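# Fold and contact review
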Amino acid sequence: MDRKEFLITANIALGAVLAGSKVRAAEVNEKRELMGVLVDTTRCMGCRSCEYACAEANGLPEPEEDESVFDNERTQSETQWSVVNRYETDLGEVFVKKQCMHCMQPACATACLTKAMYKSEEGPVIWREKKCMGCRFCMISCPFDIPKFEYHSAVPKLHKCQLCLDRIRNGEQPACVENCLGDEALVFGKRSELIEIARKRIYGELGNYVNHVYGEHEVGGTGMLYLASVPFDKLGFRNDLGSESYPALTRQFLYTVPVVITLLPPFLLAISHATKREQGKEKSEE
Amino acid sequence: MNEKEVSVTGRRGEIVVKELIKFSKFMINELKPKGRLLTPFNVIAGSILIVAAILLAIRFTKGLGSITNLSQSYPWGLWIGFDVITGVAFAGGAYVLTFLVYILRMEKYHPIVRVTILNGFLAYVFYAGALLLDLGRPWNVINPVIGNSFGVSSVLFLVAWHFMLYMTAEFIEFSPAIAEWLGWRRIRKLLASLTLGAVIFGITLSTLHQSGLGALYLMTKGKLHPLWYTEFIPLLFFVSSIFAGLSMVILEGTISHKVFRNQISSEHRDSHNGIVFGLAKICAATMFVYFFLKLLVFLHDQSWQFLFTPWGYWYLLEVIGFVLLPCMLFIHGLKRESLLFVRIAAILTLVGIVLNRLNISIIAFKWYEPVRYYPTWMEIEVTLAVIVAEIIVFRWIVNRMPVLRELPGMGE
Ligand code: SF4
Ligand code: SF4
């Protein structure tokens, strides 16, 4: 009997430790000043300098030079983390650079069971090779379908924009921003300041922009912020993602876990004792 | 040391050696296959395993893409959607039965509790184990285990840990059978005293990871079709694991009664029908609850506009054809006391679970994507091999350990 009870207590304790720490679900301190990038699609000329700079800075193969790359919408890939696409709109051609959004509360990092996907203190969301076990749950969870996996390697890696975290730590700008030929089409800075710049541009050049900073609220806010002259769904952005952060979607479930672990075992034990007594009674009555 | 002592230790040593020889003889004898080797089943099973071994060798040298159709838009395919997510639901019978037998003490179900635990345990070892085949960087699987990198906010972290702990619990639950097989009476007693603790632990873990498998999809909002996406996926997964597991028990019972005829005592055979009807009753009740929950969720999410689209028809087929219909069949079978109806209902239920789990993990996942995922024959082959391997180990154990039959003098 003693052993049984000890076992059960130990189990509960173990479970509570396992579950209890979960409650503080990777919540990123929102007050900290995180860095981000403002992409002003009205100022982008489609020169793709950022693509080349990205490839060079990250040791990826040089992107194809031909203009024809614009004919079809491209996605990011294992060999290209940042992609510029051309969209035909009512207001003419619009070029949009896309990469990881560096979410404030990233779904990928919450999904990752090894913390390989990781929201750094500076703001960029990075992938850490030594920790990753290649389960690809980050790919399932990312609302923007960003992480890419090497399906043809025995030692596969995941690929996504790291916002040049190493350069940022050295006081430099991300390679794409530094090499942008547009007139402040890409601006690197503190997220709160970027939002202010975005607002100023919207109100300063009334009529030039739609009144929406994509990324300010989407999925709880992202480090990448976008300005555009046409509604964002015309530029391949999803407008159905909502402003609730993705980690919040699993929070309720994770909160329930410690409750179940603490309440269910004693409950089961109680039933088991009760049924045993009843059985005993039946037997003695017989 | 005087002569006497030497001779005593010498004799003791002799006894130990003798026992060891006896034991190894026993083991060698038991390890040998029983019965003919070249049966049709063995030949087919053997070739499936060999082909799978070759395929896996390719997969581990050339990458996952070499034998699977997985892609950047479909990172999880058959191996996760069927092997792990469906397989674990099918293995739910073990926790439900241990609840009936050890917590509610419904003695009626005692004869099948052991075989169900064994089935559940092996299902976890093989189906949850299939997760390892799918990992791109399996050598890092220890990271979330040894604690140098705990992603505690991850539902997958919870599920993975619960898999491991649950396997341990099920092993403890099954261990008295191993002790009986080896004739270790005292150890058996000790192990049996752990059963209740393991059962309580196991039920708790099952509740959480059955629902946890559903919770994996909570962050796929925007990717999973609105008819299937709901914040209640965890609850639906949990409730459906109850009747999925029991339907599997009914089906397996039917099969093993044919295959292992000689192992089963006549008393047990007589009680079998009563057991099946009892399980059918639980299935019918939980399926009704599940259907009702599905209905509530549907009303709550207001997905009317999707109902009269092809996706809507597909959804209706799953919910009406493979939940409501088998539920009715269970009830009908109970009323008419017809084993046949109950068995058909069980099979339809299982098909329904496969449909539901595959809909969520593959079919209705990224439903808007122009290029869809479908498994390669090689993915299917490896899945078959996982199933075959489980059956072989199951057969090996049932033919040796007291799983279906009872050993005289070892009663509980
Ligand atoms: S966009 Fe995707 S990969 Fe990038 S931080 Fe957000 S969830 Fe992670
Ligand atoms: S694939 Fe790697 S980075 Fe992505 S969730 Fe799994 S362990 Fe984390």
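Our structure is the block above this text.
Residues numbered from 1 in each chain as written. Chains lettered and ligands numbered in written order. Predicted model: local features only at pLDDT ≥ 70, side-chain atom pairs only at ≥ 80, totals over all residues. Heavy atoms only, no water.

Turning to the overall build of chain A, a few remarks are in order. Of the regular secondary structure elements, chain A holds eight helices and nine strands. By residue count, 55% of the 286 residues in chain A fall in the buried class. Partitioning the contacts of chain A with sequence separation of at least 6, the portion at a separation of at least 24 is 59%. Summed over all atoms, the accessible surface of chain A reaches about 13500 Å², with 51% contributed by carbon and sulfur. (Helix = DSSP H or I, 4+ residues; strand = E, 2+ residues; numbered from the N terminus. Buried < 20%, exposed > 50% of the residue type's maximum accessible area, 1.4 Å probe, protein only. Contact = heavy atoms within 4.5 Å. Areas by Shrake-Rupley, 256 points an atom, 1.4 Å probe, with all protein chains shown as cover.)

Where interface size is given, it is often the accessible area lost as the parts come together that is meant. Contact residues are listed per partner, giving 72 residues for chain B and 67 residues for chain A. When the two sides are added together, the surface that chain B and chain A hide from each other amounts to roughly 5900 Å², 65% of it contributed by carbon and sulfur. Run the count over chain B and chain A and you get four salt bridges. Between D134 of chain B and R136 of chain A there is a salt bridge; the shortest N-O distance is 2.6 Å. Counting the contacts that link chain B with chain A gives 30 residue pairs in polar contact (both at pLDDT 80 or more). Mapped onto the side of chain B that touches chain A, the elements with two or more residues apiece are α2 (40–62), α4 (93–103), α7 (143–146), α8 (155–182), α9 (185–193) and α10 (195–215) of chain B. Of the residues forming the side of chain B that touches chain A, the biggest block, 12 residues, is contributed by α10 of chain B. Within the side of chain B that touches chain A, the residues separate by chemical class into 40 nonpolar, 23 polar and nine charged. (Buried area = accessible area lost by both parts, 1.4 Å probe. Salt bridge = Lys/Arg side-chain N within 4 Å of Asp/Glu carboxyl O. Polar contact = N/O pair within 3.5 Å; in protein donor to acceptor, adjacent residues only side chain to side chain. Nonpolar A, V, L, I, M, F, W, Y, C, P; charged D, E, K, R; others polar.)

On to a nonpolar patch on the surface, then. Taken together, the side chains of F292, L295, L296, L299 and W304 of chain B make up a nonpolar region of the molecular surface, amounting to roughly 510 Å² of accessible area. Structurally, W304 of chain B is set in the loop between α12 (266–301) and α13 (310–336). (Patch = residues over 30% accessible without salt bridge, like charges linked within 9 Å, V, L, I, M, F, W, Y side chains within 5 Å.)

Trans peptide bonds make up the majority, and among non-glycine residues the majority have a negative phi. Phi at V219 of chain A takes a positive value of approximately 40°, unusual for a residue other than glycine. With respect to the helices and strands, V219 of chain A occurs in the loop between α7 (191–204) and β9 (224–227). The backbone of R105 of chain B sits at a positive phi, close to 50°, despite the residue not being glycine. Along the polypeptide, R105 of chain B turns up in the loop between α4 and α5 (110–128). Using a relative accessible area of 19% as the deciding quantity, one classes R105 of chain B as buried.

All names here are of chain A. Tallied over the full model, the rule gives 22 salt bridges over all chains. With a closest N to O distance of 2.8 Å, R199 and E216 form a salt bridge. Residue R199 is found in helix α7, and its partner E216 is found in the loop between α7 and β9; the two are separated by 17 residues along the sequence. Overall, E216 belongs to the buried group, its relative accessible area being 15%.

The environment of ligand 2 is formed by C112, T114, A116, M117, W127, C132, M133, G134, C135, R136, C138 and L158 of chain A. Residue composition of the shell around ligand 2, grouped by class: nine nonpolar, two polar and one charged. (Near = heavy atom within 4 Å.)

Considering the arrangement of structural elements, one finds S82 of chain A in the loop between α2 (49–58) and β2 (83–89). Those residues in contact with S82 of chain A that sit more than four places away from it in its chain are E51, C54, K97, K98 and Q99 of chain A.

Let us now look at the sheet that holds strand β8 (residues 186–190) of chain A. Sheet strands associate in pairs through backbone hydrogen bonding, adopting either a parallel or an antiparallel arrangement. Residues and elements named next belong to chain A. Pairing is mixed in the open sheet, where three strands are placed in the order β8-β1-β9. Among the strands making up the open sheet, the edge pair consists of β8 and β9. When the angles between neighbouring strand axes are averaged without regard to direction, this sheet yields 25°. Where α7 meets the sheet, its contacts fall on β1 (35–40), β8 and β9, and the angle it forms with β8 comes to roughly 135°. (Pairing = 2+ DSSP bridges. Axes fitted to C-alpha atoms, helices over the stretch in contact; angles between N-to-C directions.)

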